[in-house]
Amino acid sequence: MFLFCVKKTKKNPIKYITDINESSELRKAGKSKGMGEGYEKLELDKMESQREAKRRIIVRQGTKTRIVNIEDVIYIESLGRKAVLHLKGETIEYYEKISSLEEQLYPVFFRVHRAYLVNLDYVESYTKREVLLKNAESVLISKYRIREFQKVLAK
């Protein structure tokens, strides 16, 4: 949800519409005129909805749409142009780029290999060649990503 406001510029008396979320001037003006609490609530609601969206993956398979919680996903595998979500009791296959999933699911998931995104909550152990997951499956880890993986796990 975006909140828009009409503002006069100092140089040009023509009014234009601006987005409050990007305008620090309006933000300050709103707070000084008693809009602080309401505006802050809108900000918090927006941030909460963004967090909620990051906790879910929307899977479209033909005409069917399914919402999957990321807590249920153990790892994601890339097979050609498809992404395979490996859940506790099933796998879901659909068309999606693993790079877009990587951006969407950061920092809960880490890309250990060009073909795998791993949910860090399910990592049991790792060697220099593979990551062992809590469901007893293992996935390959790239030698180029092992150091960064170690740093992320240490946090």
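Residues numbered from 1 in each chain as written. Predicted model: local features only at pLDDT ≥ 70, side-chain atom pairs only at ≥ 80, totals over all residues. Heavy atoms only, no water.

1. Overview of the pattern of salt bridges
Phase 1 of the analysis: Per the stated rule, a full pass over the model turns up 3 salt bridges.
Phase 2 of the analysis: Here R66 and E90 are joined by a salt bridge, their closest N and O atoms 2.7 Å apart. Taken as a pair, R66 in strand β4 (residues 64-69) and E90 in the loop between β6 (82-87) and β7 (91-95) lie far apart in primary sequence, 24 residues in all.
Phase 3 of the analysis: Note on R66: relative accessible area 26%, which makes it partly exposed.
Phase 4 of the analysis: Taking the shortest distance from any N to any O, the salt bridge between E102 and R111 comes out at 3.1 Å.
Phase 5 of the analysis: Note on R111: relative accessible area 13%, which makes it buried. (Salt bridge = Lys/Arg side-chain N within 4 Å of Asp/Glu carboxyl O. Helix = DSSP H or I, 4+ residues; strand = E, 2+ residues; numbered from the N terminus. Buried < 20%, exposed > 50% of the residue type's maximum accessible area, 1.4 Å probe, protein only.)

2. Re the packing of aromatic side chains
Phase 1 of the analysis: The final tally for this structure, using the stated rule, is 3 aromatic pairs.
Phase 2 of the analysis: Ring geometry for F110 and F149: centres 5.5 Å apart, planes at 45°, overall tilted. Placement of F110 in strand β8 (residues 109-113) and of F149 in helix α4 (residues 146-154) is noted, with a sequence separation of 39 residues between them.
Phase 3 of the analysis: Classification of F110 by relative accessible area gives buried; the value is 8%.
Phase 4 of the analysis: On the basis of relative accessible area, F149 is assigned to the buried category, the value being 0%.
Phase 5 of the analysis: For the ring pair Y126 and F149, a centre distance of 5.3 Å and an interplane angle of 80° mean the geometry is edge-to-face. In this pair, Y126 is assigned in strand β10 (residues 123-126) and F149 in helix α4, connecting sequence segments 23 residues apart.
Phase 6 of the analysis: Using a relative accessible area of 33% as the deciding quantity, one classes Y126 as partly exposed. (Phe/Tyr/Trp six-rings, centres within 6.5 Å; stacked < 30°, edge-to-face > 60°.)

3. Quick word on the sheet that holds strand β12 (residues 138-140)
Phase 1 of the analysis: With antiparallel pairing, 3 strands are arranged side by side in an open sheet as β10-β11-β12. Of all strands in the sheet, those with a lone pairing partner are β10 and β12, marking the two edges. If you compare each strand with its neighbour and ignore which way they point, the axes differ by 25° on average.
Phase 2 of the analysis: As paired strands, strand β11 (residues 130-133) and β12 are joined by 3 bridges and run antiparallel to one another. Of the residues in β12, the one forming a bridge with L132 is S138. (Pairing = 2+ DSSP bridges. Axes fitted to C-alpha atoms, helices over the stretch in contact; angles between N-to-C directions.)

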